[in-house]
Amino acid sequence: HLQGVLKPRQRNALCSLPSCLAFSLLGVQADDERTAAKEALEDALEVLRKMAALGTKTHKPSKMKALTSEAMANLPRIAAELYVTGTGMVKEAARAAWRELGEFITDETLTSLSASIRDADGDEGKDGEGEDEEGSDSDGEADGPEAVAKAAAFAKATEALKAQREAEPEDEDEDITMDQDNLLEHLLGDEDAEDKAQASGALASFASTGLDTPGAFGQKLTKRQKRLRQRQEDVMRKLRELELVELFLVKCGDSRKISLELLKGMHELLLASARRAAKRRSAENAEGGAGKGKQGRPKSSRGDIALRQLEAALAQRVAKLLAKALRQASRLSALASIAQWDTAEGWAKQARECFEMCRNYKAPGVGQKPLEVSALLLYVFCAAHRASLCSKEQLTKDNLEQWSLATELLTQALEDWSTKKDLDRSSTAMMEVFVIRIPRVVLALPWVEQLRASAARKAYVHREQMAFITGRLLHGLPPDVMSTSAGPLAAGFAMQCAEALESTLQTAAASPALSNQQRTKLRRESLRGLRTAFKLKIQETDDKPWLSHKDGEKISSIIAKVRDSLQARHGEVYLLCLHLLRSPRLAQFGKGWQQRADKRAEKRPGKRPQQSESNASPAPKRRKERDQDSAASASDAEPAGPRDRTAAVSASNVEERPGPAMAETARREATSRVDAVVEVVPWPAAEEEELPPVHDAEAVPRLREPETETPEDGATPREKTVRDEARSWAQS
């Protein structure tokens, strides 16, 4: 019945959930767990019956889809509850059902899931603020007006009760005397008594009470330890709920409008977690003192450490979820459908709200990940605003006019970076996200004007902006963007770097704001920026170069002055100056560069002309013929020994060298080489081979010496071999 209604994977997920629930009932022992499992199984079977009944009827596709969604509305909720609270195969079956049946999940289920994560996080933040001092297991409450009032009322009531007890007369008959029979009856109990406690006896009551007490077999937990354990369980539950949200966003993130609300809720959760972690860290640093642990930090219990690790894992999980979902939503295929969820004004409003959240975010010591996720969410809003204004054909074209909202917000971020305090981290995060995706928009921003403003305000911000332009903006640009859009910024940035270099040439009295260390750092960043600018392959013509000749001469002269002002001829600054002055693109602006190039061209040797005489032969051929003639003459001479023969051959080859000193040196080298050959190949004395010892000498035939042929010149075969080797070595 389900074949015409659901897909195969959806049918498997729908049928596996009640099957796993039925099998799990076999291992349930507690009555409450068995009751909960039976209720979940009945709900799943009810959905399965509805779907089976729906498969027996024939409806139109639109009506069939509506009826299927209505019948399957409760199953994702059941699967979510079972995944959060269940274990084993029930948990895996619930996860598969949630993943495959994601298109049938209602908005109410997703909204309640997101609210459960965020509301639980808010409760944890409140508990953490009123928490006792870390490392303490006391049950006291935080100091406050209400706590002080309660303590005063309690002290007053205690004093009144003490005065009342002192005013009462003393009772002399307080002690009760019991004989042996009554004592045994009181301890062991009386079976005929109607009272159950009296019938069981004091010993039985004491024993049963001790065994039934929750803390009877272990250490009794304090209120703070119970609270920490409960918070750990809440964080573990939130991690499972977060995994369900991730499954839905990956599966149906670009087809359901509720995905946008989920992303915004998770973003708020991430920022709240980062603020709480920063607040806790600042409190630890403020409370740190002598005798509280290493480096003055207060000691933490194992429960606190485990809870913080879980909260850090939750924050990292949320950041990864948002980054993954936002990268999927920023694709062009997804933006076309996402843009239909709201109007252009609505997207602009959401983008400005996200921009304000990035500006107001201040959580030092937590890291850059929350800001990167916020910047990525801002890009999705700006891209959706652009997609709502243009057609699908225009989405593939890179037009700056379409990114009007992004240009406005990035210009504001750049101004905040240059003029306002503690906004460099947020501005850097936004620029890095946008420069990867739309570099033309970032290149068109007023960088040169803001560099001038930051130079007049603070040297650190000025160097930071120069480092960003060098390492992130101009480095690694696509070839088409580099050749068409990077020219104006490269020219202006080069001049700003030159002005910064020129400011470092002033004396300490003329520029007291710069110390020696700051002057060195500014020189290094300026030279790095110039090196990056002159490496760009910018499209230019003879009539319209990317850098004028006047500006190039100024930059070259400033670099030369910086090089000459250095006391030591080593280090990164000196090497950067040399590299720039010798680079072809900057060397053409230097003084006398054209004259030096002409002189080098005149001194450069050309090819030797070929000889016109017919008898003349090329040099290699003549050298080969001379070598052959010298080898033949050496063989005719035939010296007495191999040392003399090899030396003669080498000397005949060396006679071509001019000068008696060089010839003598060559003869010595040849003699040393022959000595090496003779040492490697010694001349053994002719000895008779010894026969092996035997018992019966007559039984062993005598070995006959091999016959050796003596050449006509009287040399042995070994001498002949050595002579041939020496001759071939001399020829080579």
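This structure is a prediction, so every number in the text was calculated from the model and none was measured.

J.: So what's going on with the overall build of the protein chain? Residues and values would help.
T.: Counting its secondary structure elements, the protein chain contains 33 helices and 0 strands. For the protein chain, the proportion of its 732 residues judged to be buried stands at 36%. Taking all contacts inside the protein chain whose residues are at least 6 apart in sequence as the whole, residues at least 24 apart take part in 72%. Accessible surface computed for the protein chain: about 46,100 Å², of which carbon and sulfur atoms make up 51%.

J.: If you had to explain the packing of helix H16 (residues 369-389) against helix H19 (residues 424-437) to someone new, which residues and values would you point to?
T.: When two helices pack together, you describe them by how their axes are tilted relative to each other and by the distance separating the axes. Relative orientation of the contacting elements H16 and H19 amounts to 50°, with a least axis distance of 9 Å. With respect to each other, H16 and H19 are oriented oblique. Relative to H19, the crossing made by H16 is right-handed. The segment H16 lies against H19, with Leu 371, Glu 372, Ala 375, Leu 376, Leu 378, Tyr 379 and Cys 382 engaging Arg 425, Ser 426, Ala 429, Met 430, Val 433, Phe 434 and Arg 437. Class assignment of the residues belonging to the contact of H16 with H19 gives a composition of 10 nonpolar, 1 polar and 3 charged.

J.: Hey, could you go over the pattern of salt bridges for me, with residue numbers and the actual values?
T.: Applying the stated criterion across every chain, the model contains 19 salt bridges. Arg 49 is the partner of Glu 46 in a salt bridge, and the nearest nitrogen-oxygen pair spans 3.3 Å. A residue pair is termed a helical-turn pair when its members lie 3 or 4 positions apart in one helix, as Glu 46 and Arg 49 do in helix H2 (residues 31-55) at 3 residues. A salt bridge links Glu 572 to Arg 528; the shortest N-O distance between them is 2.7 Å. One end of the pair, Glu 572, is in helix H27 (residues 572-582); the other, Arg 528, is in helix H25 (residues 516-535), and 44 residues separate them in sequence. Judged by its relative accessible area of 26%, Arg 528 is partly exposed. Here the residues in one salt-bridge network are Glu 356, Arg 359, Asp 416 and Lys 420, joined through shared partners.

J.: So what's going on with helix H18 (residues 404-419)? Residues and values would help.
T.: Residues spaced three or four apart along an α-helix point in a common direction, a consequence of the helix completing one turn every 3.6 residues. Spanning 16 residues, H18 covers 23 Å between terminal C-alpha atoms, matching the ideal 22 Å at 1.5 Å per step. Within H18, the full set of buried residues consists of Leu 405, Ala 406, Leu 409, Leu 410, Thr 411, Ala 413, Leu 414, Asp 416, Trp 417 and Ser 418.

J.: Requested: an account of the environment of Ser 259, with residues and values cited.
T.: Along the polypeptide, Ser 259 turns up in helix H12 (residues 258-287). Accessibility expressed as a relative area gives 2% for Ser 259, which makes it buried. Those residues in contact with Ser 259 that lie beyond four places of it in its chain are Phe 248, Leu 249, Cys 252, Gly 253 and Trp 341. Here Arg 256 takes part through its backbone oxygen, which lies 3.1 Å from a polar atom of the side chain of Ser 259.

J.: Could you give me a rundown of the state of the cysteines, with the residues and numbers involved?
T.: One pass over the full model with this rule turns up 0 disulfides. Unpaired in terms of disulfides, Cys 354 finds its nearest cysteine sulfur in Cys 358, a separation of 4.5 Å. With a relative accessible area of 3%, Cys 354 lands in the buried category. Of all cysteine sulfurs in the structure, the one in Cys 354 sits closest to Cys 382, which takes part in no disulfide; the separation is 8.5 Å. The buried category is assigned to Cys 382, whose relative accessible area is 2%.

J.: Can you break down the nonpolar core residue by residue, with the values?
T.: Counting 146 residues, the largest nonpolar core has Trp 447 and Ile 555 as the members making the most contacts within it. Per-element accounting of this core gives the leading share, 11 residues, to H16. With near-sequence residues (within four places) excluded, Ile 555 lies in contact with Ala 494, Met 495, Ala 498, Leu 530, Phe 534, Leu 547 and Leu 586. Listed in part, the 7 residues of the second largest apolar core include Tyr 361, Ala 363, Leu 371 and Ala 429.

J.: Provide a residue-level description of the packing of helix H11 (residues 223-252) against helix H13 (residues 302-329), including the pertinent values.
T.: Contact geometry of H11 with H13 gives a least axis separation of 10 Å together with a crossing angle of 15°. On the basis of the axis angle, H11 is roughly parallel to H13. For the element pair H11 and H13, the recorded crossing hand is left-handed. Here the residues of the contact of H11 with H13 sort into 16 nonpolar, 3 polar and 8 charged.

J.: Tell me about helix H26 (residues 549-565), and please be specific about residues and values.
T.: Here H26 spans 24 Å end to end across 17 residues, near enough to the 24 Å set by a 1.5 Å rise per residue. Of all the residues in H26, the buried ones are Gly 552, Ile 555, Ser 556, Ile 558, Ile 559 and Val 562. Looking down the long axis of H26, one finds its buried residues gathered within 160° of arc, a one-sided arrangement. Away from the buried face of H26 by more than 90 degrees, exposed residues Lys 550 and Lys 561 are located.

J.: Summarise the packing of aromatic side chains; cite the residues concerned and give the values.
T.: Per the counting criterion, the structure on display carries 7 aromatic pairs. On the basis of an interplanar angle of 80° and a centroid distance of 5.5 Å, the ring pair of Tyr 379 and Phe 434 is categorised as edge-to-face. Taken together, the residues Tyr 379 in helix H16 and Phe 434 in helix H19 connect sequence positions 55 residues apart. Ring centres of Trp 447 and Phe 468 lie 5.8 Å apart, and the angle between their planes is 25°; on these two criteria the pair is classed as stacked. Placement of the pair is Trp 447 in helix H21 (residues 447-457) and Phe 468 in helix H22 (residues 459-473), with a sequence separation of 21 residues. The class of Trp 447 is buried, set by a relative accessible area of 1%.

J.: Just give me the short version of the confidence of the model for the protein chain, but keep the residues and values in it.
T.: The predicted model of the protein chain averages 75 in pLDDT, with 67% of residues at 70 or higher. The spread of mean pLDDT over the elements of the protein chain runs between helix H31 (residues 642-654), the lowest at 45, and helix H20 (residues 439-443), the highest at 92. Predicted confidence is poor over residues 612-616, with pLDDT under 50, and the contacts of this stretch with residues over four places away or in other chains come to 1 contact. Across residues 636-658, confidence stays below pLDDT 50; counting only partners more than four residues off in sequence or on other chains, it has 34 contacts.

J.: Pulling in residues and values, what's your account of the environment of Gln 368?
T.: Residue placement: Gln 368 occurs in the loop between helix H15 (344-360) and H16. Sequence-wise, Gln 368 and Ser 426 are 58 residues apart; in three dimensions their C-alpha atoms are separated by 8.7 Å. Residues within four places of Gln 368 in sequence aside, it is in contact with Arg 425 and Ala 429. Of the polar contacts made by the side chain of Gln 368, one reaches the backbone oxygen of Arg 425; its length is 3.1 Å.

J.: Outline the side chain of Thr 428, supporting the account with residue identities and numerical values.
T.: Mapped onto the fold, Thr 428 is located in helix H19. A distance of 2.6 Å separates a polar side-chain atom of Thr 428 from the backbone oxygen of Asp 424. Once you skip the residues sitting within four places of it in the chain, Thr 428 turns out to touch Trp 417 and Phe 468.

Definitions and limits used
- Residues numbered from 1 in each chain as written.
- Predicted model: local features only at pLDDT ≥ 70, side-chain atom pairs only at ≥ 80, totals over all residues.
- Heavy atoms only, no water.
- Helix = DSSP H or I, 4+ residues; strand = E, 2+ residues; numbered from the N terminus.
- Buried < 20%, exposed > 50% of the residue type's maximum accessible area, 1.4 Å probe, protein only.
- Contact = heavy atoms within 4.5 Å.
- Areas by Shrake-Rupley, 256 points an atom, 1.4 Å probe, with all protein chains shown as cover.
- Axes fitted to C-alpha atoms, helices over the stretch in contact; angles between N-to-C directions.
- Parallel < 35°, antiparallel > 145°, perpendicular 65-115°, else oblique.
- Left-handed = near helix turned anticlockwise from the far one by under 90°.
- Nonpolar A, V, L, I, M, F, W, Y, C, P; charged D, E, K, R; others polar.
- Salt bridge = Lys/Arg side-chain N within 4 Å of Asp/Glu carboxyl O.
- Expected span 1.5 Å × (residues − 1).
- Polar contact = N/O pair within 3.5 Å; in protein donor to acceptor, adjacent residues only side chain to side chain.
- Disulfide = S-S within 2.5 Å.
- Core = buried A, V, L, I, M, F, W, Y, C linked by side-chain atoms within 4.5 Å.
- Arc of directions from axis to C-beta.
- Phe/Tyr/Trp six-rings, centres within 6.5 Å; stacked < 30°, edge-to-face > 60°.
- pLDDT = per-residue confidence, 0-100.

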